[in-house]
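# Examination of the molecular architecture
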Amino acid sequence: MACRISELVIDAADPERLAVFWSDVLGYVELGREDDGSIEIGPPGTGFGGPQPTLVLSPSSDPRPAKLRLHIDVNATDRDQDAELDRLLALGAQPADVGQTGAESWHVLADPEGNVFCLLRTRLQPL
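Residues numbered from 1 in each chain as written. Predicted model: local features only at pLDDT ≥ 70, side-chain atom pairs only at ≥ 80, totals over all residues. Heavy atoms only, no water.

When you go through the protein chain residue by residue, the secondary structure sums to two helices and eight strands. Each helix and strand of the protein chain, ordered N terminal to C terminal, gives the series β-α-β-β-β-β-α-β-β-β. Over its C-alpha trace the protein chain gives a radius of gyration of 15 Å, about what one expects of a compact globule, namely 14 Å for 127 residues. Taking the principal axes of the C-alpha coordinates as reference, the protein chain spans close to 40 × 35 × 25 Å. Looking at the protein chain residue by residue over its 127 residues, the buried ones come to 37%. When the accessible surface of the protein chain is totalled, it reaches about 7,600 Å², and 53% of it is carbon and sulfur. Averaging the positions of the 10 positive and the 21 negative side-chain charges in the protein chain gives two centres separated by 3 Å. (Helix = DSSP H or I, 4+ residues; strand = E, 2+ residues; numbered from the N terminus. Rg over C-alpha atoms; globule rule 2.2 N^0.38 Å. Buried < 20%, exposed > 50% of the residue type's maximum accessible area, 1.4 Å probe, protein only. Areas by Shrake-Rupley, 256 points an atom, 1.4 Å probe, with all protein chains shown as cover. Lys, Arg positive; Asp, Glu negative; His and termini not counted. Charge placed at Lys NZ, Arg CZ, Asp CG, Glu CD.)

Here it is in structure tokens:
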């Protein structure tokens with residue numbers, strides 16, 4: 001296996017409410033908060049990079065039309081980010097522009113149907 005899901009990012013009108021809900025549903029705990037109001041939750045004692053993906057509830061007062069409320073972040077497990085980017089592009093992923101500056105440590109891509117996902121820099125251990 002070359003990638004695994006590390007985070008699920010969900011746009012939310014009320015991140016606090018969704019964080020409480022999903023924590024209760026999944027038995028997750030709050031792992032951290034960002035200055036933009038995002039809340040990350042995940043398995044207790046494991047957090048980011050564990051065998052289960054974390055959820056990031058990201059504030060959004062007005063999601064763009066046709067924008068998915070969920071996108072997937074993946075991390076390579078057996079190669080560096082550049083090599084994994086090449087592999088994903090060869091499989092049919094396309095670069096996507098969602099307003100990033102170019103200074104980000106991740107790559108924004110779209111799958112063959114146009115669903116946006118991100119390839120993060122950190123390499124994770126395979127499960």
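What follows continues from the structure just given.
A few words on the pattern of salt bridges. Counted by the stated rule, this structure contains five salt bridges. Between Glu 16 and Arg 33 there is a salt bridge whose closest N-O contact spans 2.8 Å. Here Glu 16 is found in helix 1 (residues 15-26), whereas its partner Arg 33 is found in strand 2 (residues 29-33), with 17 residues between them in sequence. On the accessibility criterion, Arg 33 (46% relative accessible area) is partly exposed. Here Asp 78 makes a salt bridge to Arg 79, at a shortest N to O gap of 2.9 Å. Residue Asp 78 is classed as partly exposed on the basis of its relative accessible area of 43%. A network of salt bridges, in which partner residues are shared, links Asp 78, Arg 79, Glu 84 and Arg 87. (Salt bridge = Lys/Arg side-chain N within 4 Å of Asp/Glu carboxyl O.)

What follows concerns helix 1. Quick reminder: α-helices carry 3.6 residues per turn. Residues three or four places apart thus point the same way. Its twelve residues give helix 1 an end-to-end C-alpha distance of 16 Å, which sits within 8% of 16 Å, the value for a rise of 1.5 Å per residue. Every buried residue of helix 1 is listed here: Pro 15, Ala 19 and Ser 23. For helix 1, the angular spread of buried residues about the axis comes to 70°, placing them on one side. Across helix 1 from its buried face, at more than 90 degrees, point the exposed residues Arg 17 and Asp 24. Looking at the packing, one finds that the buried side of helix 1 touches strand 1 (3-12), strand 2, strand 3 (39-42) and strand 4 (54-59). Of the residues trailing helix 1, Gly 27 is marked for its positive phi of about 70°. (Expected span 1.5 Å × (residues − 1). Arc of directions from axis to C-beta. Contact = heavy atoms within 4.5 Å.)

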